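Single-letter residue listing:
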Amino acid sequence: MLFLFIYSTHLVEIVLKFMSVQINYNSAYKKNSTNIVLFVDEKYSISNLKKFISASEYSFVLDLLKTKDLKKKIISFEISSKRKIILVSFKKNPKSIEAENLGAKFYDIFKELKQKEFIVTSETLSHQNRNAIGHFLHGIKLKSYKFEKYKTKKNKDKLNITVVGKNIPSIKDQSKFNALEDGTFFTRDLVSEPGNILHPDEYAKRINYLKKIGLKINIYDENKLKKLGMNTLLGVGQGSIRGSYLVTMEWNGAKDKSKPLAFVGKGVCFDTGGISLKPAKFMEDMTYDMAGSAVVVGLMKSLALRKAKINAVGVVGLVENMPGGNAQRPGDIVKSYSGKTVEILNTDAEGRLVLADALTYTEEKFKPKFIVDLATLTGAIIVSLGSEYAGLFSNDDKLSKQLIDAGEKVEEKLWRMPLNKNFDKLIDSKNADVQNINYVGGAGSTTAAQFLQRFIINKTPWAHLDIAGMAFSKYGGALNSGGATGYGVRLLNKLIEDHYE
């Protein structure tokens, strides 16, 4: 991704080269430009568009509107083989997500057209809606993401958009959009990488590069983890020839020394299930079992790029779960960083073991205001919620409500699931303090979260997001075109913006 900013005291022109979309901001406007995008109200009133198109074009559009379905949000008029007029219908005061979804829809409609040049007239939106333009473009860029790194023949077509007029987001707002897109795309890139490329050793190196944007990075390798006593994390990775790591990322953007917000992610770079081997069918998808960690990394990158005025820490456990000669066995008992002992009944319930040590360490080391962990933890959450909601488990009502509200605003939705001491009997072990699965059956996602809760030692407000159904999409969604979704980056960024910044 390349960002190029050009500023002039007389004429503001900003060029953003962003994946398959290039966006230019330019205050100059040429009436006879090729393809033009104009904004209208829900009734498709066009009287205010006369100064942007010719009299004959105005009459043509006005006449054809009588034959169009005005319930559609975007209507195109073909003036000639080289010129189109596109009307985009906005509410008077659209929500941010509505503008973003319109942008994504615009990209979907016009990405296949031979015409790749469009003029977007910001003046056709009222002044109070100037940020709607920013969110509209944000939606276009989010939808435009493609992972073609390993294709020998890449699609080099670009959608070129020039935004004209003064009714545009401020430079500060544009920078925020750019940072959020960069973080989201970084998350998608990480999740999209194959397991032979993004193994724990390489992943730790990539995170270390984020020092350049102001994050403080600490990488704990196996020797350091052994000294710390992080045996539940190490046990997961001991069957692999790759290393196991805990990586911390700190952003100190607040002027005071306030407690940081903490985000913890599961980073199982490839999950075979270990000795409790998974079925072969669809095992190739287990490259995305590190999506929780990728969300944390992408979020921390966004916060640093936009110079967020908070203190935050991201913690990720990076392992590879392989059935090697030294692999952890069902029946093993290990001592966690917290001191609690864990009986391993199934080596495919490995994510909770990685998070157990990471959660306790984060709470003890950083004493955060709250902890939110993210993980593609259970298939059971997909059975419960499909690919519409991530599961939310929490010991704190206030934090839960803040997360749910933030998710609604960016359409990264959460559904709160139960935690209760009555579930403890399902994970109490006869041979250790706790066992890593519920062998009785049922409540798979809840018992996994109940397990994690035992490693929050000091009653810190905590939320666990099971994103197994949301991190990867075979079919695509409103703001992504299929594959890695980046779910969670925008959600957590919104949580921070609304309540902690």
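Just so it is clear, the structure is predicted and the values come from calculations on it, not from any experiment. (Residues numbered from 1 in each chain as written. Predicted model: local features only at pLDDT ≥ 70, side-chain atom pairs only at ≥ 80, totals over all residues. Heavy atoms only, no water.)

Chemist: Can you tell me about unusual backbone geometry, naming the residues and giving the values?
Modeler: One non-glycine residue, Tyr 44, adopts positive backbone phi at about 60°. If you trace the backbone, Tyr 44 turns up in the loop between β4 (36-40) and α1 (55-64). Phi is positive for Phe 282, close to 70°, though the residue is something other than glycine. Positionally, Phe 282 belongs in the loop between β11 (261-271) and α8 (291-305). (Helix = DSSP H or I, 4+ residues; strand = E, 2+ residues; numbered from the N terminus.)

Chemist: Kindly report on the side chain of Asp 332, identifying the contributing residues and their values.
Modeler: In this fold, Asp 332 is placed in the loop between β12 (311-321) and β13 (333-335). One polar contact links the side chain of Asp 332 to the main-chain amide nitrogen of Arg 329, over a distance of 3.0 Å. Setting aside anything within four residues of it in sequence, one finds Asp 332 in contact with Val 342, Glu 343 and Ile 344. (Polar contact = N/O pair within 3.5 Å; in protein donor to acceptor, adjacent residues only side chain to side chain. Contact = heavy atoms within 4.5 Å.)

Chemist: Explain a positive patch on the surface to me, and be specific about the residues and the numbers.
Modeler: On the surface, a cluster of positive charge is made up of Lys 172, Lys 176, Lys 255 and Lys 309. Within the secondary structure, Lys 176 sits in helix α4 (residues 171-192). (Patch = residues over 30% accessible without salt bridge, like charges linked within 9 Å, V, L, I, M, F, W, Y side chains within 5 Å. Areas by Shrake-Rupley, 256 points an atom, 1.4 Å probe, with all protein chains shown as cover. Salt bridge = Lys/Arg side-chain N within 4 Å of Asp/Glu carboxyl O. Lys, Arg positive; Asp, Glu negative; His and termini not counted. Charge placed at Lys NZ, Arg CZ, Asp CG, Glu CD.)

Chemist: Run through the pairing of strand β7 (residues 117-121), naming residues and quoting values.
Modeler: Summarising burial for β7: four of the five residues are buried, a large majority. The sheet contact formed by β7 and strand β8 (residues 159-164) spans five bridges and is parallel. Residue pairing for β8: Ile 119 is matched across the bridge by Thr 162. (Buried < 20%, exposed > 50% of the residue type's maximum accessible area, 1.4 Å probe, protein only. Pairing = 2+ DSSP bridges.)

Chemist: Give a detailed account of the sheet that holds strand β18 (residues 434-435), specifying residues and quantitative values.
Modeler: In space, the three strands of this open sheet follow the order β13-β14-β18, with mixed pairing throughout. Whereas interior strands pair on both sides, the edge strands pair on one side only; in this sheet they are β13 and β18. Here two bridges tie strand β14 (residues 341-343) to β18, and the two strands are oriented parallel to one another. In the strand pairing of β18, Glu 343 is matched with Gln 435.

Chemist: Got a sec to walk through the sheet that holds strand β19 (residues 462-466)? Specific residues and values, please.
Modeler: What the eight strands build is an open sheet, ordered β9-β10-β12-β11-β15-β19-β16-β17; its pairing is mixed. Every other strand in the sheet has two partners, leaving β9 (216-220) and β17 (414-416) as the edge strands with one partner each. For this sheet the average axis-to-axis angle between neighbouring strands, irrespective of direction, equals 20°. With five bridges connecting them, β11 and strand β15 (residues 370-375) associate as parallel partners. (Axes fitted to C-alpha atoms, helices over the stretch in contact; angles between N-to-C directions.)

Chemist: Before we move on, can you summarise helix α13 (residues 489-499) with the specific residues and values?
Modeler: Owing to its 3.6 residues per turn, the α-helix brings residues three or four apart onto one side. Burial analysis of α13 places eight of its eleven residues in the buried class, the great majority of the element. Within α13, burial applies to Val 489, Arg 490, Leu 491, Leu 492, Asn 493, Lys 494, Leu 495 and Ile 496.

Chemist: How would you explain the nonpolar core if you had to name every residue and give the values?
Modeler: Among the nonpolar cores identified, the biggest contains 56 residues, and Tyr 203, Phe 263, Val 372 and Leu 403 are the most heavily contacted of them. Of the residues forming this core, the biggest block, nine residues, is contributed by α8. Residues within four places of Tyr 203 in sequence aside, it is in contact with Leu 190, Leu 198, Cys 269, Met 290, Ser 293, Ala 294, Val 297 and Leu 318. Residues Leu 225, Val 236, Val 315 and Leu 359 belong to the second largest nonpolar core, which totals 36 residues. (Core = buried A, V, L, I, M, F, W, Y, C linked by side-chain atoms within 4.5 Å.)

Chemist: Report on the packing of aromatic side chains, specifying residues and quantitative values.
Modeler: This structure, assessed with the given rule, holds 16 aromatic pairs. Measuring from centroid to centroid gives 5.7 Å for Tyr 220 and Tyr 361, while their planes differ by 70°, and the two rings are edge-to-face. Placement of the pair is Tyr 220 in strand β9 and Tyr 361 in helix α9 (residues 351-366), with a sequence separation of 141 residues. Per residue, the accessibility class of Tyr 220 equals that of Tyr 361, and both read buried. Seen in terms of ring centroids, Phe 263 and Phe 370 are 5.9 Å apart; in terms of plane orientation they differ by 80°. Their pairing is edge-to-face. Residue Phe 263 is found in strand β11, and its partner Phe 370 is found in strand β15; the two are separated by 107 residues along the sequence. Classification of Phe 263 as buried rests on a relative accessible area of 0%. Pairwise contacts between aromatic rings join Phe 39, Phe 90, Phe 106, Phe 110, Phe 118 and Phe 136 into one cluster. Above the plane of the ring of Phe 77 lies Lys 68, whose end atom (NZ or CZ) is 5.4 Å from the centre. Against the face of Tyr 389 rests Lys 413, its NZ or CZ located 5.1 Å from the ring centre. (Phe/Tyr/Trp six-rings, centres within 6.5 Å; stacked < 30°, edge-to-face > 60°. Lys NZ or Arg CZ within 6 Å of the ring centre and 35° of its normal.)

Chemist: Talk me through the packing of helix α11 (residues 397-410) against α13; I want residue IDs and the actual numbers.
Modeler: Two elements in contact, α11 and α13, have axes whose closest approach is 8 Å; the angle formed by their N-to-C orientations is 115°. Crossing angle aside, the handedness with which α11 passes α13 is right-handed. Every residue of α13 that contacts α11 at Gln 402, Leu 403, Ala 406, Gly 407, Lys 409 and Val 410 is listed here: Arg 490, Leu 491, Leu 492, Lys 494, Leu 495, Asp 498 and His 499. Residue classes in the contact of α11 with α13 are distributed as six nonpolar, three polar and four charged. (Left-handed = near helix turned anticlockwise from the far one by under 90°. Nonpolar A, V, L, I, M, F, W, Y, C, P; charged D, E, K, R; others polar.)

Chemist: With reference to specific residues and values, describe the pairing of β12.
Modeler: Taken across its eleven residues, β12 has eleven buried, putting it largely inside the fold. Side-chain alternation along β12 places Asn 311, Val 313, Val 315, Gly 317, Val 319 and Asn 321 on one buried face and Ala 312, Gly 314, Val 316, Leu 318 and Glu 320 on a second face that is also buried. As defined by bridge partners, strand β10 (residues 245-252) adjoins β12 across eight bridges and the pair is classed as antiparallel. Within β12, the position partnered with Leu 246 by the bridge is Gly 317.

Chemist: Please give an account of α1 that cites residues and values.
Modeler: If you check which residues of α1 are buried, you get Glu 57, Tyr 58 and Val 61. What you see down the axis of α1 is that its buried residues fit within an arc of 100°, all on one side. Across from the buried face of α1, at angles greater than 90 degrees, the exposed residues are Ala 55 and Ser 56. Turning to α1, the residues buried within the fold contact β5 (74-80) and β6 (83-89). (Arc of directions from axis to C-beta.)

Chemist: For the side chain of Asp 271, give the residues involved together with the corresponding values.
Modeler: Within the secondary structure, Asp 271 is located in strand β11. Given a relative accessible area of 2%, Asp 271 falls into the buried group. At 2.9 Å, the side chain of Asp 271 and the backbone nitrogen of Gly 273 are in polar contact. In this structure, Asp 271 is in contact with Lys 278, Met 283, Met 286, Asp 289, Asn 321, Asp 348 and Glu 350, ignoring residues within four places of it in sequence.

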